[in-house]
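Survey of secondary and tertiary structure
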Amino acid sequence: DGHDHGEIDIELMLKEQAQQEFKRANLERYKKIYFPDAASVTTYPEICDNGGFEDGFLYYTGAITTYRYGSTTCNPKDVFGNNVIFSPVTLPSTRQFEIVNSGLDVLVNLQRTKFGNKSLRINNLYSTIAEGSSQCNGYYGIDKLSKEFIVTEENRDFTVWFALAIENPTSHNNTQPFISIKCDLAPNSDFCVDAAILKCDSVYIDPNCNPDETMDVLDWTCHRIKIPRSEIGNIATLELLMADCGESGHNGYAYIDGICEACDGSALGSVELFDDVVETGLGINYTSCYGDIATICGTYEDPYFCGEWFLDSISISGYNIQNANIDTLNKTFCFEFPIINFGSEDCIDIYIEAFFTTNDGGILPAILSNNIEICKSKYEIYLDFYVDVSDCYDNNTTILISDDYYYVTLFINSLYNNLTIYRELDNPYPDENPNYLIGEETGETEIVLGPFLIQEGSWTMHIEADGCTYRWTVDPPEYCSGCEEFKDVQISNIQCIPADPNVSGSVDTWSFDLYVPGATGQSFKLNGSTKLFNTIISVNGGNIVSGCKTYNLVIGQPPFECPSEMIICPPKPCSDNSNCEDLEVIVTDVICDERNGEFYIEVDVSNTSQHYFCYETQGLSVSTGNTSGNQVPSGGLIGPFTGDIYLTVFLCNSSSCNCTDPDCFKILYIPKPDCSDRGFSTGPRSSQRVQKETWLKVIPNPLYGDELIILSHMISTTIDIIDLSGRIWYNGIIRADQHKIKVDLPSGLYFIKYQDESGKNHSYKFVKIK
């Protein structure tokens with residue numbers, strides 16, 4: 001083998017090899033001679049019994065052999081490549097199996113015990129078969145300690161502590177001193193390390209050997225054994241091997257202690273999982289956005305031997321994990337465990353395999369965590385909700401379908417912190433953001449959204465809840481004005497057609513598609529022109545500057561049957577000189593003043609260019625003082641109005657809004673609301689209107705003076721009056737059914753924040769006019 005073993009070494013090697021061949025040829029006879037009572041054993045200890053060797057070798061057996069190869073896999077072979085055969089020995093056995101007391105190792109200064117006062121030293125620095133200088137050679141020896149035990153639920157996940165000192169040959173391949181820890185019923189828990197893996201050898205002065213010993217030393221280390229639950233009740237065997245060099249020249253030994261003790265402070269690092277969420281937030285969080293992910297967080301300790309180590313990666317044997325995140329500062333980690341990991345079973349045991357590395361490429365065998373149980377039935381969706389769409393409201397008109405509206409109620413069956421709700425139209429106007437905010441709530445369980453115009457068509461509700469995003473398709477009800485044949489009219493593909501720059505006097509025009517479901521081949525009239533049901537009709541809207549258009553749908557000849565009427569407004573201009581791409585105008589609220597039969601609208605306008613937002617209104621009964629060319633107020637509140645209006649919002653370079661033929665504008669049709677409907681009379685479109693009104697209401701709303709009356713059936717509650725910037729204008733306690741408050745508020749929009757009698761937070765919105 002390239003080594004000068006000497007005459008004695010060769011004789012010993014040949015003798016040992018002959019013994020191996022004899023054992024292999026006479027294995028059954030060998031078992032009967034050395035293990036005559038093995039078949040009669042009916043009771044077994046648990047693995048934790050005498051786990052610290054305080055009672056000597058009680059429950060343990062020993063065996064010895066020699067080997068030549070197999071250190072990298074801890075599967076020893078003889079010189080011919082056959083598996084070695086072990087011979088039993090009586091315990092204790094000098095320099096092979098010895099119980100030692102607390103104190104320091106005389107060569108490498110390891111503490112000889114980890115727990116209590118005793119431990120097992122397996123193998124030895126010196127050989128058992130030679131004295132003098134020859135005792136410094138290992139002579140191929142392997143010592144094996146075994147313990148049979150019965151597997152229980154409590155002990156199927158247990159630990160073995162060891163400390164290690166092994167010589168580190170520089171040129172040996174697969175013949176290094178090694179240590180092996182394994183259990184026959186836990187095949188995925190084998191631990192195997194030879195001297196080549198531990199790259200931190202040091203020279204230790206040994207007066208009995210020359211040259212001095214070059215050793216790899218590993219302080220007390222914890223290894224976990226994982227036995228599947230299916231093995232409960234069966235007999236398992238724990239087996240520890242400590243081997244010398246397979247080329248006879250080098251030795252190794254280990255201290256064994258603390259079987260079943262906790263894995264804290266292990267030299268090779270440790271990993272800890274938690275069944276339940278602890279105060280630090282570690283543990284299992286079964287709640288996820290869609291109920292298909294559990295997030296598991298744990299802690300770890302870095303190895304503390306031979307340089308600087310860090311946790312490189314984690315995995316779970318046999319299962320998929322995702323989005324693993326390692327916090328090296330706080331020594332924590334988190335990962336996601338998808339529900340698809342489960343088969344038919346509801347609960348499974350998992351543990352982490354942690355891989356520690358160094359910057360120079362060093363890597364350790366997998367370090368195992370403790371077991372935890374994770375159950376499929378505990379997975380929960382973060383926001384458990386459903387959506388209800390109301391019937392149509394005709395807004396007190398019988399023919400006009402453009403003002404038909406409805407509400408959407410969001411019912412929430414789970415706890416949450418904050419909701420933000422957006423509306424994305426399926427058929428938005430061109431060059432406009434189809435996704436806009438319609439609600440923000442905290443802790444509510446029933447949220448009424450709307451009113452929404454049926455004519456706007458179907459849309460998608462986006463719900464953002466504490467990092468989760470949900471989508472729900474909202475299909476409006478049928479129109480309830482007009483006649484049955486036009487209940488499902490659909491408008492789509494509204495387009496701006498830019499003016500032709502090469503044609504003098506050319507202006508922007510617009511068009512849209514109209515689809516009226518019905519009997520194929522049957523016809524109706526659109527503004528006097530015959531059209532067919534069940535076909536997509538392209539309609540030319542004319543010049544954009546002409547504003548909104550009214551379209552009549554009828555059936556038959558005069559006197560026409562089934563009259564229905566629609567008002568459709570054009571998109572923004574789209575010519576190159578319009579600078580209108582980023583103009584956004586959204587009606588966020590319609591607020592009734594039932595006292596005067598008037599209403600206000602609240603608009604949200606935005607644009608990236610440096611312009612002033614201006615507006616003008618046209619329609620019946622526009623109130624005195626609201627003339628064309630006003631700047632949109634900072635709060636977006638416009639009014640009051642007493643009838644249907646056309647609202648034009650335009651960009652102007654002047655704060656006086658004195659602009660002639662502005663290039664950029666948006667025209668909207670605003671029908672007068674049915675103020676007898678609760679949805680309009682209580683204000684905010686994002687509020688839970690009906691429930692909130694039963695708790696608290698402000699009159700008058702809008703507020704004109706400095707005195708407001710709060711109506712409430714609550715015995716007592718604390719309120720804050722807050723403006724849009726978050727400034728608190730009033731704080732106090734209201735009691736009884738009616739409470740008067742006098743506070744000087746500037747014009748604008750305000751919220752009353754309060755708690756109901758169950759402790760839930762609410763807000764109520766009101767407007768101060770002047």
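Each value, and the rule that gives it
Residues numbered from 1 in each chain as written. Predicted model: local features only at pLDDT ≥ 70, side-chain atom pairs only at ≥ 80, totals over all residues. Heavy atoms only, no water. Pairing = 2+ DSSP bridges. Helix = DSSP H or I, 4+ residues; strand = E, 2+ residues; numbered from the N terminus. Axes fitted to C-alpha atoms, helices over the stretch in contact; angles between N-to-C directions. Polar contact = N/O pair within 3.5 Å; in protein donor to acceptor, adjacent residues only side chain to side chain. Contact = heavy atoms within 4.5 Å. 1 Å grid on protein atoms, 1.4 Å probe; cavity = no way out; pocket = protein on both sides within 12 Å on 5 of 7 lines; lining within 4 Å. Points joined across faces, edges and corners; volume = space filled by probe spheres on them. Core = buried A, V, L, I, M, F, W, Y, C linked by side-chain atoms within 4.5 Å. Buried < 20%, exposed > 50% of the residue type's maximum accessible area, 1.4 Å probe, protein only. Phe/Tyr/Trp six-rings, centres within 6.5 Å; stacked < 30°, edge-to-face > 60°.

1. Concerning the sheet that holds strand 28 (residues 435-441)
Read from one edge to the other, the open sheet built from four strands follows the order 28-27-30-31, with strand pairing classed as antiparallel. Looking at which strands have only one partner, the edges of the open sheet turn out to be strand 28 and strand 31 (468-474). For this sheet, the mean inter-axis angle between neighbouring strands, taken without regard to orientation, is 25°.

2. With respect to the side chain of aspartate 302
By secondary structure assignment, the location of aspartate 302 is in the loop between strand 16 (293-301) and strand 17 (310-315). A polar contact of 2.5 Å, which involves the side chain of aspartate 302, links it to the side chain of lysine 331. Sequence-distant contacts of aspartate 302, defined by excluding residues within four places in its chain, comprise Gly269, Trp309, Phe310, Leu311, Lys331 and Phe356.

3. Considerations on the side chain of aspartate 78
The residue aspartate 78 is located in the loop between strand 1 (61-66) and strand 2 (87-89) in this model. Separated by 2.9 Å, the side chain of aspartate 78 and the backbone nitrogen of phenylalanine 80 make a polar contact.

4. Let's talk about empty space enclosed by the protein
This model, assessed by the stated rule, comprises three cavities of 30 Å³ or more. Considering only enclosed or pocket space, the largest cavity measures out at about 830 Å³ in volume. Every residue lining the largest cavity is counted, 37 residues in all, and those nearest its centre are Tyr429, Leu453, Glu456, Leu668 and Tyr669. Put simply, the parts of the chain that give the lining of the largest cavity at least two residues each are strand 27 (419-425), strand 29 (446-453), strand 32 (490-497), strand 38 (561-568), strand 39 (584-593) and strand 45 (665-670).

5. Topic: the nonpolar core
One finds Ile227, Phe337 and Ile374 to be the most contacted residues of the largest nonpolar core, which totals 64 residues. When residues in this core are grouped by element, the largest group, five residues, is from strand 6 (residues 157-167). Setting aside residues no more than four positions away along its own chain, isoleucine 227 makes contact with Phe149, Val151, Arg156, Phe158, Cys183, Leu185, Ala186 and Ala236.

6. Here we look at the pairing of strand 7 (residues 178-183)
Counting buried positions along strand 7 yields five of six residues, so the element is predominantly enclosed. Bridge count between strand 7 and strand 8 (residues 191-194): four bridges; the pairing is antiparallel. In the sheet register, phenylalanine 178 faces strand 8, and the bridge partner there is aspartate 194.

7. Notes on the packing of aromatic side chains
Taken as a whole and judged by the stated rule, the model has 31 aromatic pairs. Both rings, one in phenylalanine 342 and one in tyrosine 379, keep their centres 5.8 Å apart while their planes meet at 90°; by these two values the pair is edge-to-face. A residue pair is termed long-range when its members are at least 10 positions apart, and phenylalanine 342 in the loop between strand 19 (332-338) and strand 20 (347-350) and tyrosine 379 in the loop between strand 23 (372-375) and strand 24 (380-381) qualify at 37 residues. Overall, phenylalanine 342 belongs to the buried group, its relative accessible area being 9%. Its relative accessible area of 9% is what places tyrosine 379 among the buried residues. Aromatic side chains tyrosine 393 and tyrosine 407 sit 5.5 Å apart centroid to centroid with 75° between the ring planes, which places their arrangement in the edge-to-face category. With tyrosine 393 in the loop between strand 25 (385-389) and strand 26 (405-412) and tyrosine 407 in strand 26, this residue pair connects regions lying 14 residues apart in the sequence.

8. Some remarks on unusual backbone geometry
Excluding glycine, most residues fall at negative phi; most peptide bonds, likewise, are trans. Here glycine 450 and proline 451 are connected by a cis peptide whose omega angle stands at 5°. With respect to the element layout, proline 451 can be found in strand 29. In this chain, glycine 639 is followed by proline 640 through a cis amide linkage whose omega measures 5°. Secondary-structure assignment places proline 640 in strand 43 (residues 637-641). With a phi close to 60°, phenylalanine 53 is a non-glycine residue in the positive phi region. Note on placement: phenylalanine 53 falls in the loop between helix 2 (27-34) and strand 1. One non-glycine residue, asparagine 395, lies in the positive phi region at around 60°. Looking at the element boundaries, asparagine 395 is found in the loop between strand 25 and strand 26. According to the relative accessible area criterion, asparagine 395 is buried, its value standing at 6%.

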